Amino acid sequence: QQQVKQSPQSLIVQKGGISIINCAYENTAFDYFPWYQQFPGKGPALLIAIRPDVSEKKEGRFTISFNKSAKQFSLHIMDSQPGDSATYFCAASISGNTPLVFGKGTRLSVIA
Amino acid sequence: GAGVSQSPSNKVTEKGKDVELRCDPISGHTALYWYRQSLGQGLEFLIYFQGNSAPDKSGLPSDRFSAERTGGSVSTLTIQRTQQEDSAVYLCASSLRTGISGNTIYFGEGSWLTVV
């Protein structure tokens, strides 16, 4: 049972465009939703995270939108740059005792 | 060290051999995790350690996989009688502690295992 479903699997965006990656979760007990960014040959690194008490969180060009009733959250990358080309993972966990459950990842390519 | 350190960075082994992968977490981090990353499969949770508590082994795929953490610091993931389907990147991560929602998890660069 896949607890966190991520789409699309891959994404190509023009430089300056908006990249949007979506995730859906099943377990309503999840209360922490981070996004990780991974460059080739490197480990994933935390990009931005949100708790369900807010519907949106913005850090620079990166925004998480959260829809608790739909059990969905998404990552928006504004003004996408070639340096944003990486694999992005959404994740979820339950505060208290559980490790992160990850989506399968989205490979983003930003082309000039 | 400044970050999570893993060794070896690359390992090629013959089918049926045992392998050991090492993880040195960030100093002071009490929680340590092992994940497996296969092509197109995301990050699969394997096991985690929190302080002196019994480890959560619920993600280990078979009894060929085991892990230990000595002295609350360094951890070793052991795969016995390796199979070709074990080929993957094994990622170690650590955090200050679990039990706190939103605690940042820091990953190492992984150990790339190839079973031939």
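If you're wondering where the values come from, they're calculated on a predicted model, not measured in any experiment.

Peer 1: What exactly am I supposed to notice about the overall build of chain A here?
Peer 2: Each helix and strand counted, chain A has zero helices and eleven strands in total. Scanning chain A from its N terminus toward the C terminus, one meets helices and strands in the order β-β-β-β-β-β-β-β-β-β-β. For chain A, the C-alpha radius of gyration of 13 Å lies close to 13 Å, the compact-globule estimate for 112 residues. Referenced to the eigenvectors of the C-alpha coordinate spread, the extents of chain A come out at roughly 40 × 30 × 20 Å. In chain A, buried positions account for 44% of the 112 residues. Total accessible area on chain A stands at roughly 5,400 Å², and carbon and sulfur atoms take up 49% of it. Side-chain charges in chain A split into 11 positive and 7 negative, and the spacing between the mean points of these groups amounts to 6 Å.

Peer 1: What should I look at first to understand the pairing of strand β1 (residues 4–7) of chain A in this one?
Peer 2: Across a regular strand the side chains alternate sides, sitting on one face of the sheet and then on the other. All names here are of chain A. Where burial is concerned, the two faces of β1 differ: the one with V4 and Q6 is buried and the one with K5 and S7 is not. As judged from the four bridges shared by β1 and strand β3 (residues 19–25), these two strands associate in the antiparallel manner. Bridge pairing in β3 links K5 to A24.

Peer 1: Would you mind going over the interface of chain A and chain B with me for this structure?
Peer 2: How large an interface is tends to be reported as the accessible area lost when its parts come together. Taken together, the contact pairs 20 residues of chain A with 22 residues of chain B. In this assembly, chain A packs against chain B so that about 1,700 Å² is buried in total across both faces, 56% of it on carbon and sulfur atoms. Two residues, K42(A) and E109(B), come together in a salt bridge whose shortest N-O distance is 3.0 Å. The interface formed by chain A and chain B includes four residue pairs in polar contact (both at pLDDT 80 or more). Considered class by class, the residues forming the side of chain A that touches chain B number eight nonpolar, eight polar and four charged.

Peer 1: How should I be thinking about the packing of aromatic side chains in this particular structure?
Peer 2: The geometry of an aromatic ring pair is captured by two quantities: the separation of the ring centres and the angle between the planes. Per the stated rule, a full pass over the model turns up 18 aromatic pairs over all chains. Measuring from ring centre to ring centre gives 5.7 Å for W35(A) and F73(A), while their planes differ by 65 degrees; the resulting arrangement is edge-to-face. Taken as a pair, W35(A) in strand β4 (residues 33–38) and F73(A) in strand β8 (residues 72–77) lie far apart in primary sequence, 38 residues in all. In this pair, the class of W35(A) matches that of F73(A), namely buried. Measuring from ring centre to ring centre gives 5.7 Å for Y36(A) and F102(A), while their planes differ by 65 degrees; the resulting arrangement is edge-to-face. Taken as a pair, Y36(A) in strand β4 and F102(A) in strand β10 (residues 101–102) lie far apart in primary sequence, 66 residues in all. Every member of this aromatic cluster is reached through a ring pair, and the members are Y36(A), F89(A), F102(A), Y33(B), Y35(B), F45(B), Y48(B) and F107(B).

Peer 1: So what exactly am I meant to see when it comes to a nonpolar patch on the surface here?
Peer 2: Residues and elements named next belong to chain A. Residues I18, I20 and M78 make up a contiguous nonpolar surface patch of roughly 240 Å² in combined accessible area. With respect to the helices and strands, I20 occurs in strand β3. Under the relative-accessibility criterion, I20 is labelled partly exposed at 35%.

Peer 1: Would you explain the pairing of strand β5 (residues 45–50) of chain A in this entry?
Peer 2: Residues and elements named next belong to chain A. As defined by bridge partners, β4 adjoins β5 across five bridges and the pair is classed as antiparallel. Within β5, the residue paired with Q37 across the bridge is A45. Hairpin connection of β4 to β5: six residues between the antiparallel strands, including G41 at a positive phi of 80 degrees.

Peer 1: Even after reading the chapter, I still don't get the sheet that holds β1(A), so can you show me in this structure?
Peer 2: For sheets, the rule is that strands pair by backbone hydrogen bonds, running either parallel or antiparallel. Residue and element names in this part refer to chain A. An order of β1-β3-β8-β7-β6 is seen for the five strands of this open sheet, with the pairing classed as antiparallel. In this open sheet, the two edge strands, each paired with only one partner strand, are β1 and β6 (56–59). Shown here is a sheet whose adjacent strand axes are inclined to one another by a mean of 15 degrees, direction ignored. Summarising the sheet, strand β7 (residues 62–67) and β8 pair through six bridges and their orientation is antiparallel. If you follow F62 over to β8, its bridge partner there is I77.

Reading guide: rules and limits
Residues numbered from 1 in each chain as written. Chains lettered and ligands numbered in written order. Predicted model: local features only at pLDDT ≥ 70, side-chain atom pairs only at ≥ 80, totals over all residues. Heavy atoms only, no water. Helix = DSSP H or I, 4+ residues; strand = E, 2+ residues; numbered from the N terminus. Rg over C-alpha atoms; globule rule 2.2 N^0.38 Å. Buried < 20%, exposed > 50% of the residue type's maximum accessible area, 1.4 Å probe, protein only. Areas by Shrake-Rupley, 256 points an atom, 1.4 Å probe, with all protein chains shown as cover. Lys, Arg positive; Asp, Glu negative; His and termini not counted. Charge placed at Lys NZ, Arg CZ, Asp CG, Glu CD. Pairing = 2+ DSSP bridges. Contact = heavy atoms within 4.5 Å. Buried area = accessible area lost by both parts, 1.4 Å probe. Salt bridge = Lys/Arg side-chain N within 4 Å of Asp/Glu carboxyl O. Polar contact = N/O pair within 3.5 Å; in protein donor to acceptor, adjacent residues only side chain to side chain. Nonpolar A, V, L, I, M, F, W, Y, C, P; charged D, E, K, R; others polar. Phe/Tyr/Trp six-rings, centres within 6.5 Å; stacked < 30°, edge-to-face > 60°. Patch = residues over 30% accessible without salt bridge, like charges linked within 9 Å, V, L, I, M, F, W, Y side chains within 5 Å. Axes fitted to C-alpha atoms, helices over the stretch in contact; angles between N-to-C directions.

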